[in-house]
Amino acid sequence: MSGIAVGAAADGIRPYLIEVQSLVGNAAYGTPQRSSTGFDIKRLNMLLAVLEKRVGMKMYQKDVFLNFAGGFKVADTGLDLAVVSAVISSYFDRPLATGVCCAGEIGLSGEVRPAPRTYQRILEAARLGFGRIVVSGYYRDKSEVPGDIRIVRVSRIDQLPKAIFTEEMYRCHIRPETVTGTSGSGSRTPAFSAHPIRNHCHRTHLSDTQPRYMLCPAPATGTEPATILPERPGPQ
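What you see is a predicted model, and the numbers here were worked out from it, not measured in a lab.

Draft legend 1. Main features of the pattern of salt bridges. Overall, the coordinates contain seven salt bridges when judged by the stated rule. Look at the salt bridges and you will find they share partners, linking Arg43, Asp80 and Glu105 into a network.

Laid out in structure tokens, this is it:
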């Protein structure tokens, strides 16, 4: 269902997962409405402004309603990525990929910063059976992650849509400094790094008729992360 994202939060030293719900619709009156239950309304307005400035989404024409399931009130900035993911999902009316969780803080320039205790959040998501977690590209912890969970890194907010909407990501070799996890069988599972592609937020790029995406490794001597490219169709 569109407009729903799962965020990995932390209360002190205790991590937990929370469902973020968002509803984005056309503004019926001159001034769009902004309503938030359990989340700071001023921070929500800031995140919407960043989406409009850095991603090009026309939030000034939209009513935005935000809610945390269960009536929770959370002040954790590490939920910024989950809040923005829920807003983007409702904006395009497209559900997130299966088993995706988010943990990261967003700044005014659109950069995604590591959330406090990111490693503990990853462990909690893996324990609850999530297959992918989106974190900051600046997160550099080398610790191994148990379970079959994949780490997707985004450094800027304009990289987020592909990270949360891409249903299948094929394994590849990533730069050595990229954090890897271990699957249940003991084999190492590569993490993923998203790379921005222009105009990827346009509706036609998010439709079901578009090809799925695969990760292609960057050159061994390059400095750019792996790039998400459309998969070429096979022989008929």
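Draft legend 2. Representation of the packing of helix 1 (residues 41-55) against helix 2 (residues 80-92) in the model. Contact pair helix 1 / helix 2: the axes reach a minimum separation of 11 Å and the direction vectors enclose 60°. In terms of orientation, helix 1 and helix 2 fall into the oblique class. Seen along the crossing, helix 1 lies across helix 2 with a hand that is right-handed. Seen from helix 1, the contacting residues are Arg43, Leu44, Leu47, Leu48 and Leu51; seen from helix 2, they are Asp80, Val83, Val84, Val87 and Ile88. Here the contact of helix 1 with helix 2 is built from residues that sort into eight nonpolar, no polar and two charged.

Draft legend 3. How the structure looks around helix 2. Taking 1.5 Å per residue as the helical rise, helix 2 with its 13 residues ought to reach 18 Å, and the 18 Å between its terminal C-alpha atoms agrees with that figure. Most of helix 2 sits out of view: 13 of its 13 residues are buried. Immediately downstream of helix 2, the backbone of aspartate 93 shows phi near 55°, a positive value.

Draft legend 4. View of helix 1. Along its 15 residues, helix 1 runs 20 Å from first to last C-alpha, staying within 8% of the 21 Å computed at 1.5 Å per residue. Every buried residue of helix 1 is accounted for by Arg43, Leu44, Leu47, Leu48, Val50, Leu51 and Val55. One face of helix 1 carries all of its buried residues, which in axial projection span an arc of 155°. Residues of helix 1 that are exposed and angled more than 90 degrees away from the buried face: Lys42 and Lys53. Two to three positions downstream of the cap, the backbone nitrogen of lysine 42 sits 3.2 Å from a side-chain oxygen, assigning the N-cap of helix 1 to aspartate 40.

Draft legend 5. Structural view of the side chain of arginine 121. Structurally, arginine 121 can be placed in helix 3 (residues 118-127). A polar contact of 2.7 Å, which involves the side chain of arginine 121, links it to the backbone oxygen of proline 116.

Draft legend 6. Examining the environment of threonine 77 more closely. Along the chain, threonine 77 turns up in the loop between strand 4 (62-68) and helix 2. The class of threonine 77 is partly exposed, set by a relative accessible area of 24%. Each C-alpha atom, one on threonine 77 and one on arginine 43, is 9.0 Å from the other, the two residues being 34 residues apart in sequence. Setting aside anything within four residues of it in sequence, one finds threonine 77 in contact with Arg43, Gly104 and Glu105.

Draft legend 7. Broad picture of the packing of aromatic side chains. Applying the stated criterion across every chain, the model contains two aromatic pairs. Taking 5.8 Å as the distance between ring centres and 70° as the angle between the ring planes, the aromatic pair formed by phenylalanine 39 and phenylalanine 68 counts as edge-to-face. Residue phenylalanine 39 is located in the loop between strand 3 (34-37) and helix 1, and its partner phenylalanine 68 is located in strand 4; the two are separated by 29 residues in the primary sequence. Residue phenylalanine 39 is classed as buried on the basis of its relative accessible area of 8%. Here the aromatic rings of tyrosine 91 and phenylalanine 92 are separated by 5.1 Å at their centres, their planes lie at 75°, and the arrangement is edge-to-face. The residues tyrosine 91 and phenylalanine 92 share a single accessibility class, namely buried. When the ring centre of tyrosine 91 is taken as origin, the NZ or CZ atom of lysine 62, which lies over that ring, is 5.4 Å away.

Calculation notes
- Residues numbered from 1 in each chain as written.
- Predicted model: local features only at pLDDT ≥ 70, side-chain atom pairs only at ≥ 80, totals over all residues.
- Heavy atoms only, no water.
- Salt bridge = Lys/Arg side-chain N within 4 Å of Asp/Glu carboxyl O.
- Axes fitted to C-alpha atoms, helices over the stretch in contact; angles between N-to-C directions.
- Helix = DSSP H or I, 4+ residues; strand = E, 2+ residues; numbered from the N terminus.
- Parallel < 35°, antiparallel > 145°, perpendicular 65-115°, else oblique.
- Left-handed = near helix turned anticlockwise from the far one by under 90°.
- Contact = heavy atoms within 4.5 Å.
- Nonpolar A, V, L, I, M, F, W, Y, C, P; charged D, E, K, R; others polar.
- Expected span 1.5 Å × (residues − 1).
- Buried < 20%, exposed > 50% of the residue type's maximum accessible area, 1.4 Å probe, protein only.
- Arc of directions from axis to C-beta.
- Polar contact = N/O pair within 3.5 Å; in protein donor to acceptor, adjacent residues only side chain to side chain.
- Phe/Tyr/Trp six-rings, centres within 6.5 Å; stacked < 30°, edge-to-face > 60°.
- Lys NZ or Arg CZ within 6 Å of the ring centre and 35° of its normal.

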